[in-house]
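Here's the letter readout for the chains.
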Amino acid sequence: MLELKQLAKSFGDHKAVQSVSFKLDKGEVLGFLGPNGAGKSTTMRMVAGVIEPDQGDVTIAGHSIVSARRHAQRQLGYLPEGAPLYVDMTPVEFLRFMTAAQCMPRSARKPAIERVIADSRIANVAHRRIGNLSKGYRRRVGLAGALLHDPDVLVLDEPTDGLDPIQKRAVRALIARMAPDKAILISTHTLEEVPAMCNRAIIIDRGRVVADGTPESLSRQYPGGLEETFITVAGSPEADVA
Amino acid sequence: MKHWALDTLTGIRASYGREVRAYFATPLAYVFIAIFLMLLGFFTWEASRFFDTGAADLSPFFYWHPWLYMIFLPALSMRLWADESAGGTAELLLSMPVSITGLAIGKLLAAWTVAAVTLVFTFPMWLTVNYLGDPDNAAILLTYFMSFVMAGAYLAIGAAVSALVNSQVLAYVIGVVVAFVLTAAGWPMVLGAVSGALGPGIGDIVAKFSFLTHFETAERGVLEFRAFLYFLGVIALWVALNVLWVSHRRSAAR
């Protein structure tokens, strides 16, 4: 459903992503891990079509993000880092805008909004100004926006960042409910979440994939579990280990 | 082609609704309309000595439109894209299949709607000249129309500049500078200086690109189709630049 082929991106002299390749099938929830500045967000932004790769390609449900960007984006739900939203709107207004921006057929818009409001459990704040909502609710509104068009592939950049344990659990439960029908790519800083949320993990460091496996197999690589594996394979001296 | 048109229309609808709401849901549109009307009233009544002209027409009123547009309309358009960059929502927009051309046109139309509402609220001026005398209302209507079209040109410039820079303040300042150059190029003082320094030929060329020159005929109540096309051309050019600068973020962004 999602395939990254030799993806590379540089900003000036800095090679942010260097030849990243992997495939993600339906039912897979991939934890995308790495120290700050490892290239996680840049990779996700290339997958979402926000920035163009210097080299390589991404195919989403068979469509290339380079040569058929809009077709690819129609199959993709993306939650950017920090879940940016229009703070002057209410969640319902925001979701209405998103259905239009996702080019959804008019007849499908209202049922889709009702579905994601229920799934994301934001009904009680649906008519309040987003600017007045807590971080947890905002994250869920962003997630609802990514789910509106029921995409095959979900790319979620730190979906649980800054949430309290109850909110984290709710987001994890939502992801678990969707997982069987979708390919999901999640970046997170919280390693403890990975076994609970993901059935596969990739560690990236200085723009390269340095480990790929199930959370269990990665945990077994070094005594001390996943955290030790993370620090060992991605703990370069200049890396700011999260 | 059909798909392109449909996609563009979808983008226009999506962003127009969002932006009009954003203008009127915050004090921005109301403050803009109030201050603009106050200043336009002041310049018309006081600076142009409206009652001393002895003529029942609105030329002392329309005279100030380009100058006030130059200062005020960039304030309306500065947020259109700079706000998306600052709030991170630009990233959300670029990840969606919506047409950037549609979004750009929708945003422009939303700001243009605020300008149109402002123009509508100048109706007391029209009532006043009709009360005082017997003006040529067809000519007044035509001048209003051209003023509205010219407002679109100022807004298209401001919107495109807003897509180029990430800060609203910068977008405003650059927007005013570009608008000033295009407005003042037709000012007799500037034209005289240019013609004197570089020759009358160059002066004529500069005048050809000026908003003032093209609005002047309309101020006299004459519909010059060339002037109408000029403003439409300016709008199309700056919308194209707007789309180009937003799309460029995909390849240049960090």
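Structure first, text after, so check above.
Report on the accompanying structure.

**Considering the packing of helix H3 (residues 91-101) of chain A against helix H4 (residues 106-119) of chain A**
Residue and element names in this part refer to chain A.
Right, so step 1: Look at H3 against H4: their axes get within 10 Å of each other, and the N-to-C directions meet at 130°. Viewed along their axes, H3 and H4 adopt a mutual orientation that is oblique. The way H3 lies across H4 gives a crossing that is right-handed. Residues Val92, Leu95, Arg96, Thr99 and Ala100 of H3 touch H4, and the partners they reach there are Arg109, Ile113, Val116 and Ile117.
Right, so step 2: Partitioned by chemical class, the residues of the contact of H3 with H4 number six nonpolar, one polar and two charged.

**A short note on the nonpolar core**
Right, so step 1: One finds Phe94 of chain A together with Phe211 of chain B to be the most contacted residues of the largest nonpolar core, which totals 150 residues.
Right, so step 2: Ranked by the residues each element gives to this core, the list is headed by helix H9 (residues 137-164) of chain B, at 15 residues.

**Re the pairing of strand E3 (residues 29-33) of chain A**
Residue and element names in this part refer to chain A.
Right, so step 1: Counting buried positions over the five residues of E3 gives five, a clear majority of the element.
Right, so step 2: Neither face of E3 is left uncovered, since the one carrying Val29, Gly31 and Leu33 and the one carrying Leu30 and Phe32 both have all their residues buried.
Right, so step 3: Direction of pairing for E3 relative to strand E8 (residues 183-187): parallel, over a ladder of four bridges. Each bridged residue has a counterpart across the sheet, and for phenylalanine 32 the counterpart in E8 is serine 187.

**Description of the sheet that holds E3 of chain A**
All names here are of chain A.
Right, so step 1: Across the sheet, which stays open at both edges, the six strands sit in the order E6-E7-E8-E3-E9-E10 with mixed pairing between neighbours. Strands at the two margins of the open sheet, each flanked by one partner only, are strand E6 (76-79) and strand E10 (208-213). Recorded for the sheet is a direction-independent mean angle of 15° between the axes of neighbouring strands.
Right, so step 2: Against the sheet, helix H5 (residues 135-147) touches E6 and strand E7 (153-157), its axis set at about 165° to E6.

**Details of the pattern of salt bridges**
Right, so step 1: Taken as a whole and judged by the stated rule, the model has 17 salt bridges over all chains.
Right, so step 2: A salt bridge links glutamate 28 of chain A to arginine 200 of chain A; its shortest N-O distance comes to 3.3 Å. Here arginine 200 of chain A lies in strand E9 (residues 200-205) and glutamate 28 of chain A lies in the loop between strand E2 (14-24) and E3, a separation of 172 residues in the sequence. For the pair formed by glutamate 28 of chain A and arginine 200 of chain A, the shared burial category is buried.
Right, so step 3: In this structure, lysine 107 of chain B engages glutamate 19 of chain B in a salt bridge whose closest nitrogen and oxygen atoms are separated by 2.7 Å. Placement of lysine 107 of chain B in helix H7 (residues 100-120) and of glutamate 19 of chain B in helix H1 (residues 2-25) is noted, with a sequence separation of 88 residues between them. With respect to class, lysine 107 of chain B is no different from glutamate 19 of chain B; both count as buried.

Conventions and cut-offs
Residues numbered from 1 in each chain as written. Chains lettered and ligands numbered in written order. Predicted model: local features only at pLDDT ≥ 70, side-chain atom pairs only at ≥ 80, totals over all residues. Heavy atoms only, no water. Axes fitted to C-alpha atoms, helices over the stretch in contact; angles between N-to-C directions. Helix = DSSP H or I, 4+ residues; strand = E, 2+ residues; numbered from the N terminus. Parallel < 35°, antiparallel > 145°, perpendicular 65-115°, else oblique. Left-handed = near helix turned anticlockwise from the far one by under 90°. Contact = heavy atoms within 4.5 Å. Nonpolar A, V, L, I, M, F, W, Y, C, P; charged D, E, K, R; others polar. Core = buried A, V, L, I, M, F, W, Y, C linked by side-chain atoms within 4.5 Å. Buried < 20%, exposed > 50% of the residue type's maximum accessible area, 1.4 Å probe, protein only. Pairing = 2+ DSSP bridges. Salt bridge = Lys/Arg side-chain N within 4 Å of Asp/Glu carboxyl O.

Nothing here speaks to function; it is geometry throughout.
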